[in-house]
Amino acid sequence: MRVFVQLVREKSVSKVAAEAGLTQQAVSGYLKRLRGEFQEELFLRQSNGLQPTHFAFELCAKFERVLEEVDSIYDDLPFDLASANQTYTIIANEYAQLSYVPLFVRAATALAPNITFNIIDFDHRTHEALLASGEADIVIGFGEFIDQRLTLAPIQQEHYACVVNEHSAIFEQIRQPADLAAFPHVAMGNNGYHFSNTVDAFLKEQGVERRVIAVLPCYTALQSFLSVNDVVAFVPSTMTRLGNFKTIEFAVEPQSFDVVAAWHRRVASNPLHQWVVEQILSLNAP
């Protein structure tokens, strides 16, 4: 049923196989068994993939209700956090992995020592399907990239802050945004998970044309890079105390953006999930 629901959403055997961690042959086998159970046609093959029939859409809605009932089977049973023994899967973008996840796991394991938290990378193409299928339980990341069909809860508003390394020789020479033009910069690759355009817009408003000497693929590489290069960088403000950085504060800041937690409605009444959400929303990230 889960595979069928994903097929209706994605309309591609290969895509569903990749998302579910199955072979294409396995997915095709599930589809063949479903065709044997129902007399109506389920999908029409087209050049751009599978096209679900009207019957398939109706069947999908029924399957979703069944799966929601199955997934909530333990919701009304007594819940003992201390003795709960299971795996809870969190989808997190790099920002969340560096800022919120370490704090959450430290707080959570003190109260729920037998729960294992499985952290997987955020992918805007697959996160909704993983949550809908039960392969993941919650996602933490930037609201702009998270599927709006999910239930969203705001964690905080973020903005980019200007940083240099802790031993920087240029730190004292930067007092206002206009000073940034005189020094080299390192930027983050605009891969759809960063807000590089926000920093560019801010600098343009301040009349600053930055000289970028390197573009890094991820924040994880930044601390090492700054340790041997005295350059300017912009990172989300929550991350400024996670590395050996010095923060340069200005009277104006780049445009803010939302950090959110989100989940599929199938887990809304699950007591473990409710507790996780409470813990995440109560965190004061450094």
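Residues numbered from 1 in each chain as written. Predicted model: local features only at pLDDT ≥ 70, side-chain atom pairs only at ≥ 80, totals over all residues. Heavy atoms only, no water.

By the naming in an unreviewed UniProt entry, the chain goes by LysR family transcriptional regulator and is assigned to Ewingella americana. Within the UniProt record for the chain, the comment given under Sequence similarities (unreviewed entry) is "Belongs to the LysR transcriptional regulatory family." (UniProt positions renumbered as here; feature names shortened; annotations may be inferred.)

Right, let's get into the packing of helix α5 (residues 94-111) against helix α9 (residues 271-282). Packing of α5 against α9 leaves a shortest axis separation of 10 Å and a crossing angle of 135°. Between α5 and α9, the angle is such that the two are oblique. α9 is crossed by α5, and the crossing has right-handed handedness. Facing α5, whose interface residues are F104, A107, A108 and L111, α9 presents W275, V276, Q279 and I280. When grouped by side-chain class, the residues that make up the contact of α5 with α9 number seven nonpolar, one polar and no charged. (Axes fitted to C-alpha atoms, helices over the stretch in contact; angles between N-to-C directions. Helix = DSSP H or I, 4+ residues; strand = E, 2+ residues; numbered from the N terminus. Parallel < 35°, antiparallel > 145°, perpendicular 65-115°, else oblique. Left-handed = near helix turned anticlockwise from the far one by under 90°. Contact = heavy atoms within 4.5 Å. Nonpolar A, V, L, I, M, F, W, Y, C, P; charged D, E, K, R; others polar.)

Another point: the sheet that holds strand β5 (residues 138-142). Spatially, five strands are ordered β4-β3-β5-β12-β6 in an open sheet, and the strand pairing comes out mixed. With partners counted over all chains shown, the strands left at the sheet margins are β4 (116-121) and β6 (151-158), one partner each. Here the average twist between neighbouring strands, direction ignored, is 20°. Taken together, the three bridges between strand β3 (residues 87-92) and β5 define a ladder with parallel strand orientation. Bridge assignment links A92 to a residue of β5, and that residue is I140. Strand contacts of α5: β3, β4, β5, β6 and β12 (257-263), with the helix running at about 175° to β4, the strand carrying the most contacts. (Pairing = 2+ DSSP bridges.)

A few words now on helix α4 (residues 54-71). The end-to-end C-alpha separation of α4 is 26 Å, in line with the 26 Å expected for 18 residues at 1.5 Å each. All of the buried residues in α4 are A56, L59, C60, F63, L67 and D71. For α4, the arc enclosing every buried residue in end-on projection is 110°, short of the 170-degree limit, so these residues lie on one face. Facing away from the buried side of α4 by more than 90 degrees, the exposed set consists of H54, R65 and E69. On its buried face, α4 sits against α1 (2-10), α3 (24-37) and β2 (49-52). (Expected span 1.5 Å × (residues − 1). Buried < 20%, exposed > 50% of the residue type's maximum accessible area, 1.4 Å probe, protein only. Arc of directions from axis to C-beta.)

In this section: the pairing of strand β1 (residues 43-46). Note that β1 and β2 share four bridges and pair antiparallel. The residue bridging F43 from the neighbouring strand is P52, located in β2. With antiparallel pairing between neighbouring strands as the criterion, β1 and β2 make up a hairpin whose turn holds two residues.

Further remarks concern the environment of A136. Tracing the backbone through its elements, the reader meets A136 in the loop between α6 (127-133) and β5. Classification of A136 by relative accessible area gives buried; the value is 0%. Spatially, the C-alpha atoms of A136 and I91 are 6.9 Å apart, while their sequence positions differ by 45 residues. In this structure, A136 is in contact with T89, I91, I120, L130, L131 and R266, ignoring residues within four places of it in sequence.

A full pass over the atoms with the stated rule returns three cavities of 30 Å³ or more. Estimates place the volume of the largest cavity at around 120 Å³. Residue lining of the largest cavity: 13 residues in total, with R9, E64, L67, A132 and H264 positioned closest to the centre. Looking at the lining of the largest cavity, the elements with two or more residues in it are α1, α4 and α6. When residues of the lining of the largest cavity are assigned to domains, at least three fall in each of domain 1 (1-73) and domain 2 (86-155 + 261-282). (1 Å grid on protein atoms, 1.4 Å probe; cavity = no way out; pocket = protein on both sides within 12 Å on 5 of 7 lines; lining within 4 Å. Points joined across faces, edges and corners; volume = space filled by probe spheres on them. Domains from an automatic or database assignment.)

It is worth spelling out the UniProt feature "domain: HTH lysR-type" (unreviewed entry) in the chain at this point. Using the residue numbers shown here, the UniProt feature "domain: HTH lysR-type" (unreviewed entry) corresponds to residues 1-53. For the annotated span residues 1-53, helix accounts for 58% and strand for 15% of the residues, and the straight-line distance between the end C-alpha atoms is 16 Å.

A few words on the packing of aromatic side chains. The geometry of two aromatic rings is summed up by the distance between their centres and the angle between their planes. Within the structure shown, the criterion is met by ten aromatic pairs. Relative to F142, the ring of Y95 has its centre 5.1 Å away and its plane inclined at 45°; by these criteria the two rings are tilted. Here Y95, found in helix α5, pairs with F142, found in strand β5; they are 47 residues apart in sequence, far enough to count as distant. Exposure remark for Y95: the relative accessible area of 1% places this residue in the buried category. Ring pairs connect the aromatic residues Y95, Y100, F142, Y160 and F257, which therefore count as one cluster. Against the face of F171 rests K246, its NZ or CZ located 4.8 Å from the ring centre. (Phe/Tyr/Trp six-rings, centres within 6.5 Å; stacked < 30°, edge-to-face > 60°. Lys NZ or Arg CZ within 6 Å of the ring centre and 35° of its normal.)

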